[in-house]
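Chain by chain, the residues:
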Amino acid sequence: MSLLFENGRSVVKAAWALAISPKVAQLSRGKTSFSDFQGKEGRLFVVSLEGKIYSCKYCQTHLALCEDIFSKSFHCRRGKAYLFNKVVNVSVGEKEERMMMTGMHIVAHIFCVGCGSIVGWKYESANEKGQKYKEGKFILEV
């Protein structure tokens, strides 16, 4: 059984699946704005995006729209990374302090809800004033 919910740019489908995190999706202004889609009774909601998208390289679950890129000038251990304003179909891990090239940050890994792979991280907070713009944004490794 599937449930379809259309909200302009995306279609939400409910399907039975194991969840990585027990959080509930938060919606704002009719669009999905946060990216953890665990519903009641183990039902996982996966957002299908329309347009130019970035998806998980392992299972092709949609993660972000091209138009939500904030910056392409980031790097990670494995190569290039992009900073996004918002992502979907990820669960957020535990917060941890991490020293990066731009200073100390509190970040959390983000995991694909389709396959559980680490796809990047979320900036929770930055210590330096010049880095505060990253707070609440997401890095996807490309």
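Above this text is the structure in question.
Being a predicted model, the structure only gives us computed values, none of them experimental.

**Student:** Describe in detail the nonpolar core, supporting the description with residues and values.
**Tutor:** Counting 15 residues, the largest nonpolar core has Leu63, Phe84, Val87, Val90, Ile110, Val119 and Leu140 as the members making the most contacts within it. Going through the elements one at a time, β7 (62-65), β9 (79-84), β10 (90-100), β11 (103-112) and β13 (138-141) are the ones with two or more residues in this core. By residue number, the principal contributor to this core is β11, which donates three residues. Not counting residues within four places of it along the chain, the set of residues in contact with leucine 63 comprises Leu49, Tyr54, Ser55, Cys56, Val87, Val88, Asn89, Val90, Val119 and Leu140. In terms of nonpolar packing, the next biggest core, distinct from the first, is built from nine residues, Phe74, Cys76, Leu83 and Met100 among them.

**Student:** Give a detailed account of the packing of aromatic side chains, specifying residues and quantitative values.
**Tutor:** Following the criterion strictly, the structure yields four aromatic pairs and no others. Between tyrosine 54 and phenylalanine 84, the aromatic rings sit 5.5 Å apart at their centres with planes inclined by 75 degrees, giving edge-to-face as the arrangement. Pair noted here: tyrosine 54 is in strand β6 (residues 53-55) and phenylalanine 84 is in strand β9, with a separation of 30 residues, a long-range link. With centroids separated by 5.8 Å and ring planes inclined at 25 degrees, the aromatic side chains of phenylalanine 70 and tyrosine 133 adopt a geometry described as stacked.

**Student:** Any chance you could break down unusual backbone geometry for me, citing the residues and the numbers?
**Tutor:** At glutamine 60, a residue that is not glycine, the phi angle is positive and equals roughly 65 degrees. Residue position: glutamine 60 is located in the loop between β6 and β7. Judged by its relative accessible area of 49%, glutamine 60 falls in the partly exposed class. For asparagine 89, which is not glycine, the phi torsion reads 60 degrees and is therefore positive. Within the fold, asparagine 89 resides in the loop between β9 and β10. Given the relative accessible area of 0%, asparagine 89 is considered buried.

Reading the values: rules and limits
- Residues numbered from 1 in each chain as written.
- Predicted model: local features only at pLDDT ≥ 70, side-chain atom pairs only at ≥ 80, totals over all residues.
- Heavy atoms only, no water.
- Core = buried A, V, L, I, M, F, W, Y, C linked by side-chain atoms within 4.5 Å.
- Buried < 20%, exposed > 50% of the residue type's maximum accessible area, 1.4 Å probe, protein only.
- Helix = DSSP H or I, 4+ residues; strand = E, 2+ residues; numbered from the N terminus.
- Contact = heavy atoms within 4.5 Å.
- Phe/Tyr/Trp six-rings, centres within 6.5 Å; stacked < 30°, edge-to-face > 60°.

Spatial relationships are all this shows, so hold off on functional conclusions.
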